[in-house]
Amino acid sequence: MSENSLQVETGLSQGTTKTLEDLLNKIRAYFPQADLKIIEKAYLFSERAHEGQIRRSGEPYISHPLSVAGILADLHLDLDSIATGLLHDTVEDTHATLEDVRREFGEPIAQLVDGVTKISQMKFKNSNEKQGENVRKMIVAMGRDVRVLLVKLCDRLHNMRTMNFMPFEKQERIALETLEIYCPLAGRMGISSLKIELEDLCFRYFRPDMYYQLVQKVRKTEGERSRYIDDVKLQISHELQKANFKFDVFGRSKHLWSIYKKMQSRSIDYEQLYDVLAFRVIVDSVAECYGVLGLVHSLWKPIPGRFKDFIAMPKANNYQSLHTTVIGPGGERIEIQIRTREMHLVAERGIAAHWKYKERGKVDDDSEFQQANWLRDLVSSHQQVKSADEFLDSVKTDLFESEIYVFTPKGDVREFPEGASPLDFAYAVHTQLGNQCVGARVNGKMVPLRYQLQNGDSIEIVTSKTQVPTKDWLKLVVTNKAKQKIRQYVKEEQRRRSLTLGKDLVEKEFRKFGMAAAKQLKGPEFELFLKENGLRDIDELYVKVGYGRLEPRHLVNKVSPRSAEKEAAKTEEATFMEKVVKAAAQKTRKSNSLISVDGMDDVLVHFAKCCNPIPGDSISGFISRGRGITVHRADCPKAFEMDQLRKVDVAWTGAQAKEGQERMVRVRVVSHDVPGLLKSMSEVFSVQGINIESAQIRTTKDKKAICNFEVSVKDTTQLNNAIYELQKIKGILGVTRVLH
């Protein structure tokens, strides 16, 4: 048996579902006893709601929800999910309301439609926040009913399939969002068929230059590769037939995005990449899986360290399989996956493979997938993080593929992302264990907190009652849970210190006037002061003073009964404020007019050096003592470490950067080490009106050149145009903006 295309392997139909009858036939094929009246009703409702609407392709809009419902049917989902696919845009894009959907189709479908609907009516400070709020709503709805995400993924897949009708700028933005959020979610759901197609579509629109170069290179070797695949399959089949196995063998090239990632991570060309072929053997039982593994290793020499047993230690999304890499015929590296038929179904369809149909094809609420730890962690993350930007960052972090498997002292298996440290392990077990962690014994030997966990490590955490978390720990952890707990402790510690400092400052200020703070900070006047300043209690007052947001003298003026001292204090305060205003005015004349704070232009602004924001970037501002407002990129890791109580709303004013106001950015170019490339790169910067401030160039042993440029640009548009033109130069492998 062979795999001639992606669709043979995955079962996802590339062709759109053209008619209602096509959709009904798909459903009948896997759910013959289904009452399809609800699907017909949903189709008619959607058709009427979208009447007169046209897609960018020129097709009637109903073609989109019909195609989404068709993809859901390809995954063999229940009737409520497919009906939601038909209805998912009605509340957002038509005059139909959620109440209309609830009245016509009932509460379960209404909740699914509401979960999928975007928050298009709300106003957001920046695009990062809008994306964060959309993902937050989806995660919360997913926590109630995981089918929300299934519909959303199929909606995104069809939009990506028809992306060629969108403007270039939107193609790039949507492809990047899909790559960062939806592809990892599809992976976590275990739907590899959908994830693979999404990744290749994202690659096509996010890096079209590299995509089409790679397509051409792959096509050149297609004939030779097909012959090699047939030869390997024949040898595997011959050995398995001799052993009397009942089996299927598939062979294919890895998908384009996977190949591109390998090229980037190893800084090599396609011609230098050897392990691009993968084979899959499907048998009837777990015992046979291990039997096939032995036969394969007797046939070809296995590569040490490249064997993974996901049957004994399944992935978080319930994926199971044996993976081994061997030196095949002709010295070619080939990966072979061995699994049972049930495991294969789970690998391709994820949660849909576990679907348990009840009346009207509803999912069983007790589905094992509903209990997945990663899903509970995502929902918990929403509850603990207030900032949409910070939440989006935590989701992206949590969705990275976990590849490291380690053991607890009791022999239990824990799964972590690459780069995880003993701190990640400790916080995964218990918050207190993480807070008091001073090191770890790995395989019986002491290691420091910066140690990176390796596959198969046995971890025992060493603690001390005097140990406390610090901000520096954030540089040592990669899991979202560890980051959240460290930030939480640091914020609480900062609050405790501010409370103590604030109380001390307030008491000293009252003592200057011969008064006791304890006697003055009570009664109607004090309660009114708290209310006017939005403070819940006296502790919040102390914290605000400790943070420098409230002058103790102002408090004395308001609550002290001694009018003479109050008048003197007011005079002194007025003199002080006059000096502050004059100083601010002098500084403002030197400030950067590219930024406004809460709608005001006259504020001293300082740009963070850690991320070097430029006009066009999503940004966040933080009050810093003595330096006015410090502006970070919204996705800067340091911004998440800042005290969120000091965060203020900032925005680019839209003013064109003048000479001298241009922002410095770092650009890294990886290329072949060939003559003339530097001249071509310099010409690109010159044509785009960009000045090169400095350049550092080094070559590698494998004849690559790495060029680090410091350039001054006006905004992201100018920078992106330059990057796009640089990527067109023959011999250049990649161009990136260095953010940190």
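Colleague: It is not clear to me how the packing of aromatic side chains should be interpreted in this structure. Could you clarify?
Modeller: Geometrically, a pair of aromatic rings is defined through the distance of the ring centres and the angle of the planes. All told, the structure shown has 11 aromatic pairs when counted by the stated rule. Seen in terms of ring centroids, Phe45 and Phe105 are 5.4 Å apart; in terms of plane orientation they differ by 85 degrees. Their pairing is edge-to-face. Placement of Phe45 in helix α3 (residues 37–49) and of Phe105 in helix α7 (residues 98–105) is noted, with a sequence separation of 60 residues between them. Residue classification places Phe105 among the buried positions, given a relative accessible area of 6%. For the pair Trp257 and Tyr260, a centre-to-centre distance of 5.6 Å together with 35 degrees between the ring planes defines the contact as tilted. Taken together, the residues Trp257 and Tyr260, both in helix α15 (residues 256–266) and 3 residues apart, mark about one turn of the helix. Accessibility classification places Trp257 together with Tyr260 in one group, the buried group. Taking the ring centre of Tyr489 as reference, the NZ or CZ of Arg496 above it sits at 5.7 Å. When the ring centre of Phe607 is taken as origin, the NZ or CZ atom of Arg663, which lies over that ring, is 4.0 Å away.

Colleague: Would you mind going over the sheet that holds strand β20 (residues 704–713) with me for this structure?
Modeller: Sheet strands pair via backbone hydrogen bonds, and the direction of the pair is either parallel or antiparallel. Across the sheet, which stays open at both edges, the 4 strands sit in the order β19-β20-β18-β21 with antiparallel pairing between neighbours. Two strands lie at the open edges of the sheet, namely β19 (691–699) and β21 (732–738), each paired on one side alone. Sheet twist, expressed as the mean angle between neighbouring strand axes with direction ignored, is 20 degrees. Pairing analysis gives 8 bridges linking β19 to β20, with the strands arranged antiparallel. When the bridges of β20 are listed, Gln696 appears paired with Asn708. Along the sheet, helix α30 (residues 716–728) makes contact with β18 (663–672), β20 and β21, crossing β21 at roughly 165 degrees.

Colleague: What am I meant to see in the pairing of strand β2 (residues 277–283) here?
Modeller: Working note: regular strand, side chains alternate between the two faces of the sheet. By the criterion of burial, β2 is predominantly enclosed, with 7 of the 7 residues buried. Burial of β2 is two-sided: the residues Leu277, Phe279, Val281 and Val283 facing one way and the residues Ala278, Arg280 and Ile282 facing the other way are all buried. Bridge count between strand β1 (residues 248–253) and β2: 6 bridges; the pairing is antiparallel. Residue pairing across strands places Arg252 opposite Ala278, the latter belonging to β2. Taken together, the 7 bridges between β2 and strand β6 (residues 333–340) define a ladder with parallel strand orientation. The residue of β6 that forms the bridge with Val283 is Thr340.

Colleague: Honestly, the nonpolar core in this entry has me stumped. Any pointers?
Modeller: It is characteristic of soluble globular proteins that their nonpolar side chains tend to be buried jointly. In terms of nonpolar packing, the biggest core is built from 101 residues, with Ile27, Ile39 and Ile336 touching the most fellow members. Those residues in contact with Ile39 that lie beyond four places of it in its chain are Leu20, Leu23, Leu24, Ile27, Leu79, Ile82, Ala83 and Leu86. In this structure, Ile404, Ala426, Tyr427 and Val477 belong to the second largest nonpolar core, which totals 22 residues.

Colleague: Just checking my understanding: could you explain the confidence of the model for the chain for this structure?
Modeller: Detailed reading of predicted coordinates is not advised where the pLDDT is low. Summarising the model, the chain shows a mean pLDDT of 79, and 80% of its residues fall at 70 or more. The element-level mean pLDDT for the chain is lowest in helix α1 (residues 6–10), coming to 34, with α3 highest at 94. Ignoring residues within four places in sequence, the model shows residues 1–10, a span with pLDDT below 50, making 27 contacts including any to other chains. The low-confidence segment residues 365–371, where pLDDT is below 50, has 12 contacts with residues more than four positions distant or belonging to other chains.

Colleague: Hey, could you run me through the pairing of β20 in this one?
Modeller: Among the 10 residues of β20, 8 are classified as buried, and the element is accordingly described as predominantly covered. Note that β18 and β20 share 10 bridges and pair antiparallel. Within β20, the residue paired with Val670 across the bridge is Ile706. Hairpin geometry of β19 and β20 is characterised by an intervening segment of 4 residues between the two adjacent antiparallel strands and by a positive phi of about 65 degrees at Lys703.

Colleague: Please clarify how α3 should be interpreted in this entry.
Modeller: Along an α-helix, residues three or four apart share an orientation, since each turn contains 3.6 residues. With 13 residues, α3 ought to run about 18 Å at 1.5 Å a step, and its terminal C-alpha atoms sit 18 Å apart, in line with that. Every buried residue of α3 is listed here: Ile38, Ile39, Ala42, Tyr43, Phe45 and Ser46. The arc that holds the buried residues of α3, viewed along the axis, is 165 degrees, so those residues lie on one side. For α3, the exposed residues set more than 90 degrees away from the buried face come down to Lys37 and Arg48. Where the residues of α3 are buried, they touch α2 (20–30), α4 (63–74), α5 (79–87), α6 (90–93), α7 and α8 (107–116).

Colleague: Just checking my understanding: could you explain the sheet that holds strand β9 (residues 437–442) for this structure?
Modeller: Within the open sheet, the 3 strands sit side by side as β10-β9-β11. Their pairing is antiparallel. If you trace the sheet from one side to the other, it starts and ends with β10 (445–447) and β11 (459–463), each paired once. Strand-to-strand, the axes of this sheet are offset by a mean angle of 35 degrees, without reference to chain direction. In terms of strand pairing, β9 meets β10 through 3 bridges, oriented antiparallel.

Colleague: I tried to follow unusual backbone geometry on my own but got confused; where do I start?
Modeller: Keep in mind that most residues, glycine aside, have a negative phi and that most peptide bonds are trans. With a phi angle near 60 degrees, Asn244 is a residue other than glycine that sits in the positive phi range. Here Asn244 lies in the loop between α14 (222–242) and β1. For Asn244, a relative accessible area of 70% corresponds to the exposed category. For Asn443, which is not glycine, the phi torsion reads 55 degrees and is therefore positive. Structurally, Asn443 can be placed in the loop between β9 and β10.

Quick notes on the rules
- Residues numbered from 1 in each chain as written.
- Predicted model: local features only at pLDDT ≥ 70, side-chain atom pairs only at ≥ 80, totals over all residues.
- Heavy atoms only, no water.
- Phe/Tyr/Trp six-rings, centres within 6.5 Å; stacked < 30°, edge-to-face > 60°.
- Helix = DSSP H or I, 4+ residues; strand = E, 2+ residues; numbered from the N terminus.
- Buried < 20%, exposed > 50% of the residue type's maximum accessible area, 1.4 Å probe, protein only.
- Lys NZ or Arg CZ within 6 Å of the ring centre and 35° of its normal.
- Pairing = 2+ DSSP bridges.
- Axes fitted to C-alpha atoms, helices over the stretch in contact; angles between N-to-C directions.
- Contact = heavy atoms within 4.5 Å.
- Core = buried A, V, L, I, M, F, W, Y, C linked by side-chain atoms within 4.5 Å.
- pLDDT = per-residue confidence, 0-100.
- Expected span 1.5 Å × (residues − 1).
- Arc of directions from axis to C-beta.

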